[in-house]
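A closer look at the structure
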Amino acid sequence: MKSITPQAGQPRRYAFSSSVPGGTNYSVSVANPPSGQTCTLQNSGGTVGSAAIENIDVSCVARPGLIWDQGNWDAADWQ
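My aim in this report is to walk through the structure given alongside it, one point at a time.

Definitions and cut-offs
Residues numbered from 1 in each chain as written. Predicted model: local features only at pLDDT ≥ 70, side-chain atom pairs only at ≥ 80, totals over all residues. Heavy atoms only, no water. Helix = DSSP H or I, 4+ residues; strand = E, 2+ residues; numbered from the N terminus. Buried < 20%, exposed > 50% of the residue type's maximum accessible area, 1.4 Å probe, protein only. Contact = heavy atoms within 4.5 Å. Polar contact = N/O pair within 3.5 Å; in protein donor to acceptor, adjacent residues only side chain to side chain.

1. Section: the environment of Thr 38
Here Thr 38 is to be found in strand β2 (residues 37–42). Residue class for Thr 38 comes out partly exposed when judged on its relative accessible area of 38%. In this structure, the C-alpha to C-alpha distance between Thr 38 and Cys 60, residues 22 residues apart in sequence, is 5.4 Å. Setting aside residues up to four positions removed in sequence, Thr 38 forms contacts with Ser 59, Cys 60, Val 61 and Arg 63. For Thr 38, the side chain forms a polar contact with the side chain of Arg 63, separated by 3.3 Å.

2. Points about unusual backbone geometry
In this model, Asn 43 sits at a positive phi of 60°, which is unusual for a non-glycine residue. Summarising the element assignment, Asn 43 is placed in the loop between β2 and β3 (45–47). When its relative accessible area of 40% is taken as the criterion, Asn 43 is described as partly exposed.

Purely geometric stuff here, so don't read any function into it on its own.
Have a look at this one:
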């Protein structure tokens, strides 16, 4: 397992100190999302080919607070 620490603000490139051999399966996940945020990934897994993998996207957004719906809690209130 290899890890990086995300930085708030502008998008940036991520690189690991060692390469993964071609033909190796890979899977990327967010182990510790920023506090109060939910993160999603696109293109987070596959098989390493002969070129660098440059299309993994991580997006983190603030979790919405709970919504009081006239005294009723229902599925629409939980996100």
